[in-house]
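Understanding the architecture of this molecule
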Amino acid sequence: MIFIDFKDKERRNFCREKRTKESVMRVCSVQEMRAMDRYAIEHLAIPEEILMENAGLAAAAVLKREIGIPGRKFVIFCGGGNNGGDGFVVARKVFSDGGTVRVFLLADPEKFRGAARTNLDILKRLPIDLISVESAEQVRCDIRHCHGIVDAIFGTGLDRPVGGLFKEVIDLINGSGRKVLSLDIPSGVNGDTGEIMGVAVQADFTVTFGLPKIGNILYPGFSRGGKLHVCHISFPPDLQAGTSRGVLLNNPPPVPPRNLDAHKGSVGEALFIAGAANYFGAPCFAALSFLKAGGGYSRLAAPASMIPSIAQRGGEIVFVPQRETAAGSLSGDNFEELLALSAKMDMVVIGPGLSLEEETKSLVRALVQDIARPLLIDGDGITAVASRPELISERKAPTILTPHPGEMARLSGMSIQDIRRERIRILQETAANLRAIVVLKGAHSLIGMPDGRVFINLSGNPGMATAGSGDVLTGTIAAMYGQGLPLEDAVCKGVLIHGLSGDLAAEARGEDGITAQDILNFLPEARKADREGVPAELFRRYSGPEIL
Ligand SMILES: NC(=O)C1=CN([C@@H]2O[C@H](COP(=O)(O)OP(=O)(O)OC[C@H]3O[C@@H](n4cnc5c(N)ncnc54)[C@H](O)[C@@H]3O)[C@@H](O)[C@H]2O)[C@H](O)CC1
Ligand SMILES: [K+]
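Along each chain, the written sequence defines residue order, and numbers are assigned to residues from 1. Both sets of labels track the order of writing: A upward for chains, 1 upward for ligands. The model is predicted, so local features are restricted to residues of pLDDT at least 70 and side-chain atom pairs to those at 80 or more, both for listing and for counting; the totals for chains, interfaces and linings are taken over all residues. Hydrogens and waters are ignored; side-chain quantities use all the structure's heavy atoms.

**Some remarks on the UniProt feature "binding site: K(+)" (unreviewed entry) in the chain**
So the rule is basically this: UniProt positions are given in the numbering used here, feature names are shortened, and annotations may be inferred rather than shown by experiment. Runs of H or I in DSSP of at least four residues are treated as helices and runs of E of at least two as strands, each being numbered from the N terminus. With a 1.4 Å probe rolled over the protein chains alone, any residue whose accessible area is under 20% of its type maximum counts as buried; one over 50% counts as exposed, and the rest are partly exposed. Contacts are assigned to residue pairs that have any heavy atoms within 4.5 Å of one another.
Residues annotated in UniProt with the feature "binding site: K(+)" (unreviewed entry) correspond here to N83, D151 and S187. These annotated residues cover 105 residues of sequence, and their C-alpha atoms lie no more than 9.4 Å from one another, placing them together at a single site. Position of N83 relative to the elements: it lies in helix 3 (residues 82-96). Assessed through its relative accessible area of 7%, N83 is described here as buried. Once you skip the residues sitting within four places of it in the chain, N83 turns out to touch D151, A152, I153, F154, G155, L183 and D184. As for its position among the elements, D151 is in strand 5 (residues 148-152). The exposure class assigned to D151 is buried, which follows from its relative accessible area of 0%. Aside from chain neighbours lying at most four places away, what touches D151 is F77, N83, V180, L181, S182, L183, I185, P186, S187 and V201.

**Structural notes on helix 20 (residues 487-509)**
Just so we agree on the cut-off: Expected span, for any helix, means 1.5 Å times one less than how many residues it has.
Under the 1.5 Å per step criterion, the end-to-end length of helix 20 is 32 Å for 23 residues, consistent within 8% with the ideal 33 Å. The element helix 20 is largely enclosed, with a buried count of 19 among its 23 residues. Looking one or two places after helix 20, you find G510, whose phi comes out positive at around 90 degrees.

**Concerning the coordination of the potassium ion (ligand 2)**
How we decide: Excluding water, the donors of a metal are its N, O and S neighbours within 2.8 Å, or within 3.2 Å for Na, K and Ca, and that exclusion means sites may look incomplete.
Bound to the potassium ion (ligand 2) are the protein donor atoms N83 (OD1), D151 (O), F154 (O), L183 (O), I185 (O) and S187 (OG), situated 2.7 to 3.1 Å from the metal. Sequence positions of the residues that donate to the potassium ion (ligand 2) give the spacing N-x67-D-x2-F-x28-L-x1-I-x1-S. With D151 in strand 5 and L183 in strand 6 (residues 179-183), this pair connects stretches of sequence that are 32 residues apart. Taking the relative accessible area as the measure of exposure, L183 reaches 0% and is therefore buried.

**What about helix 18 (residues 423-434)?**
Spanning twelve residues, helix 18 covers 16 Å between terminal C-alpha atoms, matching the ideal 16 Å at 1.5 Å per step. Listed in full, the buried residues belonging to helix 18 are R423, I424, I426, L427, Q428, T430, A431 and L434.

**Some thoughts on the UniProt feature "binding site: AMP" (unreviewed entry) in the chain**
Under the local residue numbering, the UniProt record ascribes the feature "binding site: AMP" (unreviewed entry) to K441, G442, A443, H444, S445 and G470. Across 30 residues, the annotated set stays spatially compact, with a maximum C-alpha separation of 13.9 Å. In this fold, K441 is placed in the loop between strand 16 (437-440) and strand 17 (446-448). The buried category is assigned to K441, whose relative accessible area is 17%.

**Observations regarding the site of ligand 1**
Quick reminder of the rule: We call a residue near a molecule or strand as soon as one heavy atom of that residue lies within 4 Å of the molecule or strand. For the purposes of these results, a polar contact is taken to be a pair of N or O atoms within 3.5 Å, where, inside protein, one atom must be able to donate a hydrogen and its partner to accept one; residues adjacent in sequence count only when each atom of the pair is a side-chain atom. Computed with a 1.4 Å probe, the accessible areas rest on the Shrake-Rupley method; for each residue, only the protein chains presented here act as cover.
Around ligand 1, 22 residues are found, and the nearest of them are D37, D86, G155, R160 and D184. For ligand 1, an oxygen atom lies 2.9 Å from a polar atom in the backbone of T156. Taking D159, its side chain carries an N or O atom lying 3.1 Å from a nitrogen atom of ligand 1. For ligand 1, whose free accessible area comes to 870 Å², the fraction covered by protein is 83%. Sorting the residues of the shell around ligand 1 by element identifies helix 1 (30-42), helix 2 (48-66) and helix 3 as the ones contributing at least two each. Ranked by residue count, the leading element in the shell around ligand 1 is helix 3, at three residues.

**Describing the nonpolar core**
Note on soluble globular proteins: their nonpolar side chains tend to be buried together. Stated formally: By nonpolar core is meant a set of buried Ala, Val, Leu, Ile, Met, Phe, Trp, Tyr and Cys residues that side-chain atoms within 4.5 Å join together.
Judged by nonpolar contacts, the single largest core of 58 residues is most densely connected at F272, L300, I447, M480 and L500. In terms of residue count, helix 20 provides more of this core than any other element does, ten residues in total. Leave out the neighbours within four places in its chain, and L500 touches S459, A526, A529, D530, V534, L538 and Y542. One finds V348, V385, L427 and V454 within the second-largest nonpolar core, a separate group that totals 51 residues.

**Points about the domain arrangement of the chain**
What counts, and what does not: Note that the domain bounds were set by an automatic or database domain assignment. Summed over both partners, the accessible area lost on bringing two parts together, with a 1.4 Å probe, is the buried area. Each reported salt bridge corresponds to a side-chain nitrogen of Lys or Arg within 4 Å of a carboxyl oxygen of Asp or Glu.
Segmenting the chain into domains produces domain 1 (9-23 + 265-547) and domain 2 (26-248). Between domain 1 and domain 2, the C-alpha centre-to-centre distance is 40 Å. If you look at the interface, domain 1 gives 17 residues, while domain 2 gives 20 residues. With both chains or domains summed, domain 1 and domain 2 bury close to 1,800 Å², and 61% of this area falls on carbon and sulfur atoms. Between the two partners, domain 1 and domain 2, sit one salt bridge. In this structure, E546 and R65 form a salt bridge, with 3.4 Å as the shortest nitrogen-oxygen distance. On inspection of domain 1 and its partner domain 2, the count reaches eight residue pairs in polar contact (both at pLDDT 80 or more).

As structure tokens, then:
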């Protein structure tokens, strides 16, 4: 365990962290959480009341740290399930620690069962205000005069859109300007998808129980949770380790050190098959990012007529001029040369700015089928092969695909809306069907492995939603592989470094005007920070929730 003093912002405390496989945190679905819960209760004989007590105590500890308890007033909203039960424990603990508390029930008190019932019955014997909410108006005054609100309305049991009185109360909470602590997950966020089910609490802090749920980590749910903490509520580590098809936070191992006698061939050789008339940026960003991320030898096979202008921006690239179609894209008769050259590479990248010319698409399909080296397919390359999944699944060498949601829709046959809603499941199916590593790009990009594992990446920022950003990602991934990381780790590391570079660019220049050029320019700093320790603020974000 490495201790980091996060408060020392002044000195821009650079943490010397070592990311290890053991430090990868699992994220679980609602069903997995329920199974863990059941196992703990039935096989380990941990009573439900003890799990709930652990949950409530952890939440009260966060209230104490963030707001303070003695002499403070809290309003606790409790729904009719166990999330509400956790709220009752918090109420008892706040009261015991010298705070004032009012508990508002959003369900018929007769309906509580099990541990929630037990805790409600305890509360009834204490001098704590327990009020059944009939209308939102009833709570307005208390909300205005409290120091903090605890949201224990819905947890993982949310199973339909939020409306009526629940919606009115959540709207009041969100408009109150008070500090809000959500228990397990902000009420209204779907635990499996991160979707907002009509309306959701905007929390300042969330304490999630057992393990983070997918909805705590995926957008838009992630942005509703504020600072995220996790309390393992005394589950043993083995139980939390989960299955091989698990969802994990992206935390790849370090890139191997550069040998003192490194030469350009020993830190990776990549070929980029990219570019067409009017697409000057994509090939240049892709091929240059490979070098800026530490790769050794970057070759760019682009239409011959484009090369003089690209060369002005990237003289470090080695060019392989290609014959072109009348439209200025790569022509089919480059096939043999590209295939022969590909055989000598560590990795081939195909797609950035290739255009959707029919002849070029046919060339891509033929190359995808025959290139016997690790192949990263991006952009127009994905569109060219999307209708022929067997070309990818039957490849003899590994394949990486880096789709944005629109390209993912083409690859998976699902709509963009479906992909937003069920990102993890669709990614798992697509990666398995295509036998490929699939990077679904977006806020918190997802990396899906053919065996069903999914890594959620936490680096990056909205400023990176800019043209050319994806081209920089391709070269970054290829560079990680060229420098010796195993393929899966290289993809995970490339995604992390790309986001880190964007975060450093945002820190230096502000998020709004970041361009692909900025992400490219910050790659060397990103590599350095990844080796020596990222700034404390970023480290905290990338490490995921703090464990209580
Ligand atoms: N290991 C753990 O994670 C532990 C979790 N705990 C807490 O328990 C909740 C889950 O409890 P559950 O009873 O299954 O569900 P909820 O409390 O979230 O609520 C279910 C309740 O709400 C109704 N409902 C659902 N959606 C709506 C809606 N849109 N509108 C109105 N009503 C709705 C539903 O019908 C039920 O009545 C977990 O999140 C943790 O906080 C344990 O305390 C400790 C172990
Ligand atoms: K909640």
